[in-house]
Amino acid sequence: MTDVALRRLEKSFGRTPAVRGIDLDAPAGRLTVLLGPSGCGKTTLLRLIAGLEEADAGEIRIGGRLVNDLSPRERDVAIVFQSYALYPHMTVFKNLAFALKMSGMRRAAINARVREVAKMLQIDDLLARRPRQLSGGQQQRVAMGRAMVREPQVYLFDEPLSNLDARLRAQMRAEITRLQRALGTTMIYVTHDQVEAMTLADHVVLLDRGRVAQAGPPLDIYNRPANLFVASFLGAPPMNLYETRILGQVDGAVLVALPQGALARVRIKGRPPERLTPVTLGIRPENLLLGDAAPAADTLDADVTRVERLGAQTHVVLACSDMQLIAIADGEARIAVGDRIRVHLPGSRCHLFDIAGRAM
Amino acid sequence: MKTAVKKAVWRIAFALLIAAIAVFALAPVYWAVVTSLETGSDLFTVDYLPRGPVWSNYVAVFERQAFGRNILNSVLVAGGTVALSMAVALIAAYALSRIEFRGRLLLLFTVLSVSMFPQVAILSGLFELIATLGLYNSLPGLGLSYMIFTLPFMVWVLVAFMRELPREIEEAAIADGAGPWTIVTRIFLPLMMPAMATSGLLAFIIAWNEFLFALTFTLTNEARTVPVAIALITGASPYELPWGRIMAASVIVTAPVVLLALLFQRRIVAGLTAGAVRG
Ligand SMILES: Nc1ncnc2c1ncn2[C@@H]1O[C@H](COP(=O)(O)OP(=O)(O)O)[C@@H](O)[C@H]1O
Ligand SMILES: [Mg+2]
């Protein structure tokens with residue numbers, strides 16, 4: 001079992017910094033997802049680990065071994081590219097066999113290994129075909145097979161499902177989870193899709209402009225975002241945010257000003273800040289209480305400005321004074337644009353962020 | 001009804017245009033073939049079909065001089081030039097398109113500028129060089145001088161083509177444990193076959209047809225290539241130009257080029273539309 005550890009890793013392209021001082025631990029035998037918006041340095045990070053790019057500074061350790069100066073081959077990692085990068089002139093069999101041939105394995109052994117992996121990925125009837133004769137999903141499997149034949153210490157995936165349609169994506173997600181459990185190998189998986197991250201990851205590392213914004217188990221990050229970036233990146237529809245001030249404290253909870261003279265009582269970790277400190281209040285759409293569900297006290301009157309019916313759910317956009325909120329109601333909820341509705345923000349579900357965007 | 005007529009007229013006009021181009025391009029070749037099959041005074045009458053074709057010119061080409069030797073020389077020189085150019089250009093293209101180093105662009109343009117001087121301008125200098133290397137009146141000497149034309153354009157064609165290949169394919173090979181040599185021979189070479197075939201054929205035609213260097217850098221018939229040999233075909237007397245034999249020789253040397261072009265036809269089309277082809 002091999003873990004991957006990055007320490008103060010840096011990489012720039014000319015003047016453009018891509019990775020700016022990243023500390024990261026991908027636990028052994030687990031699936032770690034690197035999540036972040038496009039351009040935040042995910043691919044660069046993966047290529048640094050694979051040895052396809054050279055770090056400007058910092059350490060890369062695989063299984064405790066410093067690998068900065070080792071070639072990709074010596075690092076014993078396998079990378080699956082976003083574009084698959086199959087060898088177009090080789091059959092599927094030869095694509096899978098190439099790495100084994102390079103390592104000097106005997107023909108009979110190569111044959112057996114390729115067939116074993118092909119069977120595992122259900123591509124054993126495609127071995128004689130060329131990449132261009134395969135569907136996107138099949139090419140994707142071949143790309144994974146090419147990584148698997150070598151039995152590497154670590155798998156690196158760069159947005160492997162981004163070229164597939166939604167149904168196939170869901171199917172491949174399940175398959176990757178199954179493979180990961182079966183192989184028990186350390187995997188690092190890059191994606192910008194939060195659904196993929198939440199469903200696949202044992203451990204999520206959320207990146208923001210070349211830095212780690214937060215790392216941890218997916219639900220921890222979802223429920224306890226460490227800063228505004230994480231709070232607003234995770235969740236669809238996104239967390240509601242409202243810039244306001246602290247009004248005081250009661251029983252270890254701070255009182256936060258809401259429109260219409262209402263208050264939210266929020267528990268925080270650190271020392272309570274001074275009165276009138278500016279803060280950002282955050283609450284997820286699914287945590288708002290609407291209509292009859294709202295209690296009597298500290299309830300706001302809101303106007304329904306938009307209703308989006310998705311079938312299973314209804315997204316309701318609300319305006320109450322200077323605060324805009326998105327709430328989630330039942331698919332069949334009897335709500336229409338122009339309605340006036342009561343809203344409550346349960347304090348236990350609220351998040352507070354200081355002026356620098358850090359969670360309080 | 002009206003559009004159908006219009007369409008037909010256009011089609012006929014187009015067919016006529018094609019026919020005109022074909023006649024213009026093929027008439028000299030046809031005339032050469034006809035002439036090569038005639039002898040004596042028939043040569044000087046205008047015939048659209050040879051009168052009772054005779055093969056004596058073709059026999060004479062080989063009997064009256066060592067034309068077989070000349071053909072062999074041409075094959076060796078052109079073949080050698082193509083093979084060597086391909087090997088060198090492939091490796092050079094890999095370095096120039098895939099490896100970052102100082103002065104890469106400068107080098108690329110230097111390579112191009114080599115081919116820009118007119119042949120006569122470098123003739124005397126090249127003569128000195130070839131004489132110094134002891135390659136005067138030899139086939140390697142000719143091959144070396146031809147690479148001045150063939151290498152620059154081959155390098156450029158291959159560099160342009162190689163840039164089009166996705167970088168990730170190469171990186172996948174690196175991750176699979178392949179070294180530079182394996183990548184060039186096992187990954188790039190097969191993917192670049194269309195470009196290799198196109199530029200290789202062009203190089204072959206250049207080397208096959210070249211006249212000035214072949215005339216200047218050879219002295220005896222043992223080292224002469226076909227174009228020079230044809231130019232030096234003489235009749236029985238200084239006043240006789242043996243048109244029949246000259247045309248027969250011309251037809252003989254045109255054949256391999258046509259044959260090669262037909263053979264590689266599909267690859268050439270693929271090479272000309274390169275860039276549209278994706279891995
Ligand atoms: N080869 C490169 N040359 C120059 N800039 C690059 C190169 N690769 C990536 N970058 C830059 O580095 C940043 C991070 O890119 P990347 O790692 O590809 O992001 P992601 O995969 O998260 O979308 C981007 O600003 C991108 O423009
Ligand atoms: Mg990327």
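Every value quoted in this text rests on a predicted model; they were computed, and no experiment measured them. (Residues numbered from 1 in each chain as written. Chains lettered and ligands numbered in written order. Predicted model: local features only at pLDDT ≥ 70, side-chain atom pairs only at ≥ 80, totals over all residues. Heavy atoms only, no water.)

**Comments concerning the overall build of chain B**
Helix and strand counts for chain B come out as 13 helices and zero strands. Along the chain direction, N to C, the helices and strands of chain B fall in the order α-α-α-α-α-α-α-α-α-α-α-α-α. Over its C-alpha atoms chain B spans a radius of gyration of 24 Å, topping by over 25% the 19 Å that the globule rule assigns to 279 residues. Counting only C-alpha atoms, chain B reaches 75 × 70 × 30 Å along its principal axes. (Helix = DSSP H or I, 4+ residues; strand = E, 2+ residues; numbered from the N terminus. Rg over C-alpha atoms; globule rule 2.2 N^0.38 Å.)

**Some remarks on the site of ligand 1**
Residue and element names in this part refer to chain A. The environment of ligand 1 is made up of Phe13, Ala18, Pro37, Ser38, Gly39, Cys40, Gly41, Lys42, Thr43 and Thr44. Within the contact set of ligand 1, an oxygen atom lies 2.6 Å away from a side-chain nitrogen or oxygen of Thr43. In isolation ligand 1 has 560 Å² of accessible area, and contact with the protein removes 59% of it. In the shell around ligand 1, the residues fall into four nonpolar, five polar and one charged. (Near = heavy atom within 4 Å. Polar contact = N/O pair within 3.5 Å; in protein donor to acceptor, adjacent residues only side chain to side chain. Areas by Shrake-Rupley, 256 points an atom, 1.4 Å probe, with all protein chains shown as cover. Nonpolar A, V, L, I, M, F, W, Y, C, P; charged D, E, K, R; others polar.)

**Comments concerning unusual backbone geometry**
All names here are of chain A. The amide bond that connects Ala236 to the next residue, Pro237, takes the cis arrangement and shows omega of -5°. Assignment of secondary structure puts Pro237 in the loop between helix 9 (228-233) and strand 11 (240-250). The phi angle at Asp76 is positive, at roughly 60°, despite the residue not being glycine. For Asp76, the location among the structural elements is in the loop between helix 2 (72-75) and strand 6 (77-80). The phi torsion at Gln122 lies on the positive side, around 55°, for a residue other than glycine. Relative to the helices and strands, Gln122 resides in the loop between helix 4 (107-120) and helix 5 (136-148).

**Brief notes about the pairing of strand 13 (residues 263-267) of chain A**
All names here are of chain A. Residues Ala264 and Val266 line the buried face of strand 13, whereas the alternating positions Leu263, Arg265 and Arg267 sit on a face that is not buried. Inspection of the sheet shows strand 12 (residues 253-257) paired to strand 13 by five bridges, in the antiparallel sense. Opposite Val254, over in strand 13, you have Val266 as the bridge partner. The antiparallel hairpin formed by strand 12 and strand 13 contains five residues in its connecting segment, where Gln260 sits at a positive phi of about 60°. (Buried < 20%, exposed > 50% of the residue type's maximum accessible area, 1.4 Å probe, protein only. Pairing = 2+ DSSP bridges.)

**Some details on the side chain of A:Arg284**
Residue and element names in this part refer to chain A. By the secondary structure assignment, Arg284 is in the loop between strand 14 (278-283) and strand 15 (289-290). There is a polar contact of 3.0 Å between the side chain of Arg284 and the backbone oxygen of Tyr222. In terms of polar contacts, Arg284 uses its side chain to reach the backbone carbonyl oxygen of Leu234, at 2.9 Å. Among all residues touching Arg284, those that are not within four sequence positions of it are Tyr222, Ala231, Leu234, Gly235, Met239 and Asn240. (Contact = heavy atoms within 4.5 Å.)

**Digging into the pairing of strand 10 (residues 211-216) of chain A**
Residue and element names in this part refer to chain A. With five bridges joining them, strand 9 (residues 203-208) and strand 10 adopt antiparallel strand pairing. Across the sheet, residue Leu207 finds its bridge partner in strand 10, namely Val212. The hairpin formed by strand 9 and strand 10 contains two residues between the paired strands, and Arg209 there has a positive phi angle of roughly 45°.

**With respect to the packing of helix 3 (residues 92-102) of chain A against helix 5 of chain A**
Residues and elements named next belong to chain A. Relative to each other, helix 3 and helix 5 sit at 25°, their axes nearing to 8 Å. The orientation of helix 3 relative to helix 5 falls into the category roughly parallel. In the crossing of helix 3 with helix 5, the sense of the turn from one axis to the other is right-handed. In this structure, helix 3 contributes Val92, Asn95 and Leu96 to the contact, and helix 5 contributes Val142, Gly145 and Arg146. In terms of residue class, the contact of helix 3 with helix 5 is made up of three nonpolar, two polar and one charged. (Axes fitted to C-alpha atoms, helices over the stretch in contact; angles between N-to-C directions. Parallel < 35°, antiparallel > 145°, perpendicular 65-115°, else oblique. Left-handed = near helix turned anticlockwise from the far one by under 90°.)

**Topic: the domain arrangement of chain B**
Residues and elements named next belong to chain B. Splitting chain B by domain gives domain 1 (2-54) and domain 2 (65-275). For domain 1 versus domain 2, the distance between C-alpha centres works out to 32 Å. Facing the eight residues of domain 1 at the interface are five residues of domain 2. Buried area between domain 1 and domain 2, both sides added, is near 510 Å², and the carbon and sulfur share of it is 88%. Applying the counting criterion to the domain 1 and domain 2 interface returns zero salt bridges. (Domains from an automatic or database assignment. Buried area = accessible area lost by both parts, 1.4 Å probe. Salt bridge = Lys/Arg side-chain N within 4 Å of Asp/Glu carboxyl O.)

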